[in-house]
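Next come the chains, spelled out residue by residue.
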Amino acid sequence: MLKSDKLKQEQAEKRSRLAALVGKDELTDDERTEVETITARMGQFDTEIRAAELVEARDAEQRAREFPNQPEGEDAEARERRELRESIRLGNYVAAAIEQRAVDGREAEYNAAVELQAVAAFPLELLAPPPEVRQRNVEDRAQTAVDTAESQKRWLDRLFSDTAAMRVGVTFDSVGAGVAAYPVTTAGASAAQRAKSEDAVEAAWTIGVTDIKPTRNAVHLTFNEEDRLRIPDLEGALRRDLSAALTEGVDRAVFVGDAGSDKNTADIAGLTTAAGVVDAQIKQADKIKAAETLAAFLGLVDGKHASMTSDLRCVLTVGAHNLWAGTIANAAAENQTLLAFLRANGLACSVRGDIETATEAGDWGAFVGRARGLAGAGVAAVWNSASLIRDPYTAAKSGQVLLTLSHYWNFALPRASNFARVKFVAD
């Protein structure tokens, strides 16, 4: 914020406070002193504001000479943010990630300005052209457009399935450089009554550690410079599409895994294949029967991982949802679907697309997180090293630009017994 703007804001606050004090029937000694102080200060504002505006105008003229391409009409806030962005260094983010600490100084200020939650996180937008540059490109194209009868309307981005990994209880954990280790107690002592002076029996205990190493999830596309010049904000739309595609792909891999890793790196083992996940089965003949279908979910209530059906955090496949939403569970006069019957019995479910579409034998019906002790039982570790690479050089001879968005993460189940999968099986 410019100094003149800060002074105007302070002036407005002082004026408001003075009006509140003057409106009182009786003032205390402290309030009278405050009135005198504010009155004296009010007489200084106009002079200070005019002086600040003169300095700012001189600075603006100097910047215009030094930076002739600065966007016109840029307001104070946008200019301050742009100057802050120009002053930070990517190397400081890298150093902070290596040392596993938060960034400080100008980098911390920038993270706060862009409302980045974790001060150690890396703002992905730093790897993209500044917004004012993209806006200037759009304005330049608008000024040179020949077909003035055509105007661009609202841009409809591609639709993706809703993410659901957090709904089933997976913890997304931001980690620094290195292998992320998650310890878990797997065995220990059991309590038992002892006779007078009787020694307690020594128990065996077991501590397991789940190590999670980074793997790369990446999306890539190419566009022509001619298309970028012809279609306003094409690159911005493509960047949004890359980001949404990567997010949706990571979430989907939590459920069904991803075999895209190379021979030297382990694939992502999703809930469909991960060892230790509890299996619940529904026979083909029972998949449209209310009591039998409910029994498959009630079998996951064991008094340890889940104490009641409301402890089951359920994500349905599209096939299972449509089957149970279209099946009458009881007398037709009541017109209650099987899905409504399950919900009436405490099973709240959401739907995730693109993880299964049918209900034949061998197909998945639902994935369930059992809520007691669920935090940290399933972890999607995310390394602070996402990168968006804009490459206008590799295919420059054909006028093409390459965009690659990479995200480093991995998925593991330190305590797999907190999760379950419901499968349709043959009779």
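Residues numbered from 1 in each chain as written. Predicted model: local features only at pLDDT ≥ 70, side-chain atom pairs only at ≥ 80, totals over all residues. Heavy atoms only, no water.

Chemist: Explain the overall build of the protein here, please?
Modeler: Along its length, the protein carries 12 helices and 12 strands. Counting the 427 residues in the protein, one finds 36% classified as buried. For the protein, the share of sequence-separated contacts (at least 6 apart) that also reach a separation of at least 24 residues comes to 74%. By element, 51% of the accessible surface of the protein is carried by carbon and sulfur atoms, the whole surface being about 24800 Å². (Helix = DSSP H or I, 4+ residues; strand = E, 2+ residues; numbered from the N terminus. Buried < 20%, exposed > 50% of the residue type's maximum accessible area, 1.4 Å probe, protein only. Contact = heavy atoms within 4.5 Å. Areas by Shrake-Rupley, 256 points an atom, 1.4 Å probe, with all protein chains shown as cover.)

Chemist: Would you take a moment to explain a nonpolar patch on the surface for this structure?
Modeler: A contiguous nonpolar patch, built from Trp-205, Ile-207 and Val-209 and spanning about 350 Å² of accessible area, is present on the exposed surface. Within the secondary structure layout, Ile-207 lies in strand β3 (residues 206–212). Given a relative accessible area of 43%, Ile-207 falls into the partly exposed group. (Patch = residues over 30% accessible without salt bridge, like charges linked within 9 Å, V, L, I, M, F, W, Y side chains within 5 Å. Salt bridge = Lys/Arg side-chain N within 4 Å of Asp/Glu carboxyl O.)

Chemist: Sorry, what's going on with the pattern of salt bridges here?
Modeler: With the rule as written, the count across this model stands at 16 salt bridges. Residues participating in the shared-partner salt-bridge network are Glu-10, Arg-41 and Glu-48.

Chemist: Looking at this structure, I do not really get unusual backbone geometry. What am I missing?
Modeler: In the Ramachandran plot, Ser-197 falls in the positive-phi region, its phi being about 70° despite a non-glycine side chain. Relative to the elements of secondary structure, Ser-197 occurs in the loop between β2 (180–187) and β3. The phi dihedral of Asp-233 is positive, around 60°, even though this residue is not glycine. Within the element layout of this structure, Asp-233 appears in the loop between α8 (225–230) and α9 (234–256). A relative accessible area of 31% places Asp-233 in the partly exposed class.

Chemist: Hey, could you run me through the sheet that holds strand β7 (residues 349–351) in this one?
Modeler: Sheets are built from strands that pair by backbone hydrogen bonding, the pairs being arranged parallel or antiparallel. Across the sheet, which stays open at both edges, the five strands sit in the order β5-β12-β8-β6-β7 with mixed pairing between neighbours. For this open sheet the edge positions go to β5 (278–283) and β7, each flanked by a neighbour on one side alone. Across the sheet, the axes of successive neighbouring strands diverge by a mean angle of 25°, strand direction being ignored. Examined bridge by bridge, strand β8 (residues 364–370) and strand β12 (residues 419–425) share five bridges and lie antiparallel to one another. Within β12, the position partnered with Gly-369 by the bridge is Phe-419. Relative to β5, helix α10 (residues 290–298) is tilted by about 175°, and along the sheet it contacts β5, β6 (312–316), β8 and β12. (Pairing = 2+ DSSP bridges. Axes fitted to C-alpha atoms, helices over the stretch in contact; angles between N-to-C directions.)

Chemist: Before we go on, may I ask you to explain α10 in this structure?
Modeler: Each α-helix winds once per 3.6 residues, and so residues spaced three or four apart point in a common direction. Of all the residues in α10, the buried ones are Ala-290, Thr-293, Leu-294, Ala-296 and Phe-297. Looking down the long axis of α10, one finds its buried residues gathered within 150° of arc, a one-sided arrangement. Among the structural elements, β5, β6, α11 (318–325), α12 (338–344), β8 and β12 are those in contact with the buried residues of α10. (Arc of directions from axis to C-beta.)

Chemist: Mind showing me how you'd approach the side chain of Arg-228 here?
Modeler: In this structure, Arg-228 sits in helix α8. Polar side-chain contacts of Arg-228 include one of 2.6 Å to the side chain of Glu-225. (Polar contact = N/O pair within 3.5 Å; in protein donor to acceptor, adjacent residues only side chain to side chain.)

Chemist: Sorry, what's going on with the pairing of strand β4 (residues 215–224) here?
Modeler: Going residue by residue along β4, you find Thr-215, Asn-217, Val-219, Leu-221 and Phe-223 tucked away on one face and Arg-216, Ala-218, His-220, Thr-222 and Asn-224 left uncovered on the opposite face. Across 10 bridges, the pairing between β4 and strand β11 (residues 400–412) is antiparallel. If you follow Phe-223 over to β11, its bridge partner there is Val-401.

Chemist: What is the right way to read α11 from this model?
Modeler: All of the buried residues along α11 are Gly-319, Ala-320, Leu-323 and Trp-324. Angularly, the buried residues of α11 cover 115° about the axis, an arc narrow enough to put them on a single face. Packing partners of the buried residues in α11 comprise β5, α10, β6, α12, β8 and β12.

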